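# Residue-level structure breakdown
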Amino acid sequence: SCWCMKKLKHSAFQGFNTSKNKLFYKGRDARPLILCLTGRNPKDQNTIIVRKCFCNSNYCLNPAHYYYGTRQDVAYQKFVKFLPLLIQMRQKNTT
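Since we're looking at a predicted model, the values are computed, not measured.

For the protein chain, the helix and strand inventory stands at two helices and five strands. Order of helices (α) and strands (β) in the protein chain, N terminus to C terminus: β-β-β-α-β-β-α. Over its C-alpha atoms the protein chain spans a radius of gyration of 16 Å, topping by over 25% the 12 Å that the globule rule assigns to 95 residues. Every one of the 95 residues in the protein chain was classed for burial, and the buried ones make up 23%. In the protein chain, the share of contacts with a sequence separation of at least 24, taken over all contacts with a separation of at least 6, comes to 51%. Taken as a whole, the protein chain presents about 7200 Å² of accessible surface, with 54% of it coming from carbon and sulfur.

Written out as structure tokens, the structure reads:
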């Protein structure tokens, strides 16, 4: 499940904040830090941080919800997230 920064008030999260639908740590994007703390660093071709389709919070701190990937991975995650909605719209239009 998501660890939404807006809901976490523990002192361990001091330095984290939110702005413009993004999670920051001391004014910088927090996602590279979150991934680094779990031993994951960017590879040669995988340099973009991708949020998995099941993550529903722009302010999520859960490292299991992110990975380094490509623009294609970002597009795929967005497609998978909205696929049920597309199917539902298609079904309404055919009935």
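Having seen the structure, we can now continue with the description.
Here we have three strands laid out as an open sheet, ordered β1-β2-β3, and antiparallel in their pairing. Two strands in the sheet have a free side with no partner beyond their single neighbour: β1 (16–19) and β3 (28–29).

With that out of the way, let us pick up a nonpolar patch on the surface. Taken together, the side chains of Y76, F79, F82, L83, L85, L86, I87 and M89 present a nonpolar region at the surface, about 770 Å² in accessible area. Relative to the helices and strands, L85 resides in helix α2 (residues 71–94).

With that settled, the discussion passes to unusual backbone geometry. The backbone phi angle of K26 is positive, close to 50°, even though this residue is not glycine. Counting through the fold element by element, K26 comes out in the loop between β2 (22–25) and β3. Note on K26: relative accessible area 63%, which makes it exposed.

As a further point, take the pattern of salt bridges. Tallied over the entire structure, the rule returns one salt bridge. A salt bridge links D29 to R31, with the shortest nitrogen-to-oxygen separation between them at 2.7 Å.

Let us now look at the packing of aromatic side chains. All told, the structure shown has two aromatic pairs when counted by the stated rule. Relative to Y25, the ring of F16 lies with its centre 4.8 Å away and its plane at 55°, an arrangement referred to as tilted. By relative accessible area, Y25 is classed as partly exposed at 27%. Among the aromatic residues, ring-to-ring pairing joins F13, F16 and Y25 into one connected group.

Rules behind the numbers
Residues numbered from 1 in each chain as written. Predicted model: local features only at pLDDT ≥ 70, side-chain atom pairs only at ≥ 80, totals over all residues. Heavy atoms only, no water. Helix = DSSP H or I, 4+ residues; strand = E, 2+ residues; numbered from the N terminus. Rg over C-alpha atoms; globule rule 2.2 N^0.38 Å. Buried < 20%, exposed > 50% of the residue type's maximum accessible area, 1.4 Å probe, protein only. Contact = heavy atoms within 4.5 Å. Areas by Shrake-Rupley, 256 points an atom, 1.4 Å probe, with all protein chains shown as cover. Pairing = 2+ DSSP bridges. Patch = residues over 30% accessible without salt bridge, like charges linked within 9 Å, V, L, I, M, F, W, Y side chains within 5 Å. Salt bridge = Lys/Arg side-chain N within 4 Å of Asp/Glu carboxyl O. Phe/Tyr/Trp six-rings, centres within 6.5 Å; stacked < 30°, edge-to-face > 60°.

Honestly, that's just the spatial picture; any functional story needs more than this.
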